[in-house]
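Fold and geometry: a report
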Amino acid sequence: MTDDGTTTAGATGTLGYEQARDELIEVVRRLETGGTTLEESLALWERGEELAKVCRRWLEGARARLDAALAGPDDDREDGSPGE
C-alpha cells in the first residue's frame, strides 16, 4: 500500500477481477469525494486507469472463453460447411 491507501501499480497483474473492481470503486469514490491534493488525485487517477485495464483484460478473457464454448465443434470447421 502507498501512503494514499492504494496498492502499488506493480501488483495489478496479480489481482483478480473482483479485487480490481472493488479497488476501482474505492478509487472513484475517493476522487469524487475530493479533499485530496493534486498529487494524490493524479496518483489515484493513474491507479484507476491501471485497475480499469485489469478489469478489461479479465472481461475480454471471459468473453473469449464464452465465445469458444458457444462456438461448439461445428463452428470450428474451416470450410464453413455444416458438421453433419
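The paragraphs below set out a description of the structure included in this document. (Residues numbered from 1 in each chain as written. Predicted model: local features only at pLDDT ≥ 70, side-chain atom pairs only at ≥ 80, totals over all residues. Heavy atoms only, no water.)

**A look at the pattern of salt bridges**
What the rule picks out here adds up to 5 salt bridges. Note that K53 is salt-bridged to E50, the shortest N-O span being 3.9 Å. Taken as a pair, K53 and E50 lie in helix α2 (residues 38-71) at a separation of 3 residues, close to a single helical turn. The class of K53 is partly exposed, set by a relative accessible area of 36%. With its nearest N and O atoms 3.4 Å apart, the salt bridge here joins R63 to D67. Here R63 and its partner D67 are both found in helix α2, 4 residues apart, which amounts to about one turn of the helix. (Salt bridge = Lys/Arg side-chain N within 4 Å of Asp/Glu carboxyl O. Helix = DSSP H or I, 4+ residues; strand = E, 2+ residues; numbered from the N terminus. Buried < 20%, exposed > 50% of the residue type's maximum accessible area, 1.4 Å probe, protein only.)

**Overview of α2**
For α2, spanning 34 residues, the distance from its first C-alpha to its last is 49 Å, which sits close to the expected 50 Å at 1.5 Å a residue. Buried within α2 we find L44, R47, G48, L51, V54 and C55. At its buried positions, α2 is contacted by α1 (17-33). Positive phi appears at G72, one or two residues downstream of α2, with a value of about 70°. (Expected span 1.5 Å × (residues − 1). Contact = heavy atoms within 4.5 Å.)

**Topic: α1**
The terminal C-alpha atoms of α1, which comprises 17 residues, lie 24 Å apart, in line with the 24 Å expected from a rise of 1.5 Å per residue. Against α2 lie the buried residues of α1. Taken from the residues just after α1, G34 is the one with a positive phi, measuring 80°.

**Description of the nonpolar core**
Within the largest apolar cluster, 7 residues are counted, these being L15, A20, V27, L44, L51, V54 and C55. Elements represented by at least two residues in this core include exactly α1 and α2. Here this core gets 4 residues from one element, more than from any other, and that element is α2. (Core = buried A, V, L, I, M, F, W, Y, C linked by side-chain atoms within 4.5 Å.)

**Things to note about the environment of G16**
Looking at where G16 falls in the secondary structure, it is placed in the segment before α1. Under the relative-accessibility criterion, G16 is labelled buried at 18%.

**Focus on the side chain of E23**
Within the secondary structure layout, E23 lies in helix α1. Of the polar contacts made by the side chain of E23, one reaches the side chain of R47; its length is 2.8 Å. (Polar contact = N/O pair within 3.5 Å; in protein donor to acceptor, adjacent residues only side chain to side chain.)

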